[in-house]
Amino acid sequence: MNLESDIFLENDLVLLRPLKESDFEELLVYSENEPEIWLFNALGADGTENLKKYITAALENKSKGIDYPFVVLDKKTNKIVGSTRYYAINTFNKTLEIGFTWYGKQYQGTGLNKNCKYLLLEYAFQNLGVERVGFRANNLNARSINAMKSIGCKEEGVLRNFAMNANGERIDAIVLSIIKNEWFNEVKNNLKNKISNYAKNI
């Protein structure tokens, strides 16, 4: 698993490129004006100071080889519309997780997320050679859970009292995953068909 070089993932609709410190200004509009984005995220980037901490922590973890953060660009407008990342990268076990994903409100429910997940999963399984891609969410975050299941994730269980939400309250975390044979046998084609149908309708 080589995550040392810059990774650019794209199709006709979206581009994922490495997060940089200089992205701060363009991300700030979401940080200051869309508090709903961070409702379920204890490590969210709501407000100027939290956004600075968010970017710094993401880049520090990248330097340690445990995270690889991206920004998401809408290719029609060439604007940053969100962020996502590989995290909990384990080169020995050939596993990683996809998370810390958020999009500006107007881009939610547009098919953008499925396009990003397809690119991330394709690269993880076909370029990095991972055996398992994991996902987690607050067990109360129905929107995220439904989105993960709609791309082909299988529910594994719930980690009780696992973490905190943005208000410092303890939460249960649901765990889902896609494993290598599922990607090649069914998830890849199903997800590709979904994003193709979306592209035809825009």
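Okay, so let's go over this structure.

Conventions we followed
Residues numbered from 1 in each chain as written. Predicted model: local features only at pLDDT ≥ 70, side-chain atom pairs only at ≥ 80, totals over all residues. Heavy atoms only, no water. Pairing = 2+ DSSP bridges. Helix = DSSP H or I, 4+ residues; strand = E, 2+ residues; numbered from the N terminus. Contact = heavy atoms within 4.5 Å. Axes fitted to C-alpha atoms, helices over the stretch in contact; angles between N-to-C directions. Buried < 20%, exposed > 50% of the residue type's maximum accessible area, 1.4 Å probe, protein only. Phe/Tyr/Trp six-rings, centres within 6.5 Å; stacked < 30°, edge-to-face > 60°. Salt bridge = Lys/Arg side-chain N within 4 Å of Asp/Glu carboxyl O. Patch = residues over 30% accessible without salt bridge, like charges linked within 9 Å, V, L, I, M, F, W, Y side chains within 5 Å. Areas by Shrake-Rupley, 256 points an atom, 1.4 Å probe, with all protein chains shown as cover. Right-handed = clockwise from strand over helix to strand, strands pointing away.

This part covers the sheet that holds strand β4 (residues 79-90). Strand order in this open sheet of 8 strands is β1-β2-β3-β4-β5-β6-β8-β7, and the pairing throughout is mixed. A strand with exactly one partner marks an edge of an open sheet, and here the two such strands are β1 (9-10) and β7 (154-164). Strand contacts of helix α1 (residues 24-33): β3 (68-74), β4 and β5 (95-103), with the helix running at about 95° to β4, the strand carrying the most contacts.

This brings us to the environment of R160. Inspection of the secondary structure puts R160 in strand β7. Look at R160 and you get exposed, because its relative accessible area is 74%. Distance from R160 to I171, taken between C-alpha atoms, is 7.2 Å for residues 11 residues apart in sequence. In this structure R160 touches I171 and D172, once residues within four positions along its chain are discounted.

Another aspect to go through is the packing of aromatic side chains. Overall, the coordinates contain 6 aromatic pairs when judged by the stated rule. With centroids separated by 5.8 Å and ring planes inclined at 20°, the aromatic side chains of F125 and W183 adopt a geometry described as stacked. Placement of the pair is F125 in helix α3 (residues 112-126) and W183 in helix α5 (residues 180-200), with a sequence separation of 58 residues. Grouping residues by exposure puts F125 and W183 together as buried.

What follows covers the pattern of salt bridges. All told, the structure shown has 10 salt bridges when counted by the stated rule. The salt bridge involving K52 is made with E49; its shortest N-O contact spans 3.6 Å. Pair noted here: K52 and E49 are both in helix α2 (residues 48-63), with a separation of 3 residues, about one helical turn. Residue class for K52 comes out partly exposed when judged on its relative accessible area of 39%. A salt bridge links R132 to E156; the shortest N-O distance between them is 2.7 Å. Within this pair, whereas R132 is found in strand β6 (residues 132-138), its partner E156 is found in strand β7, the two being separated by 24 residues in sequence. Looking at E156, the relative accessible area reads 44%, which means it is partly exposed.

Together, L39, F40 and L140 make up a nonpolar patch on the protein surface, roughly 320 Å² of accessible area in all. Looking at the secondary structure, you find L140 in the loop between β6 and α4 (142-150).

Attention now moves to the pairing of β6. With 5 of its 7 residues buried, β6 lies for the most part within the structure. Taken together, the 3 bridges between β5 and β6 define a ladder with parallel strand orientation. For T95, the partnering residue across the bridge sits in β6 and is R132. For the segment spanning β5, α3 and β6, crossover handedness is right-handed. In terms of strand pairing, β6 meets strand β8 (residues 170-179) through 7 bridges, oriented antiparallel. In the strand pairing of β8, V133 is matched with I178.

The values are spatial; any link to function lies outside them.
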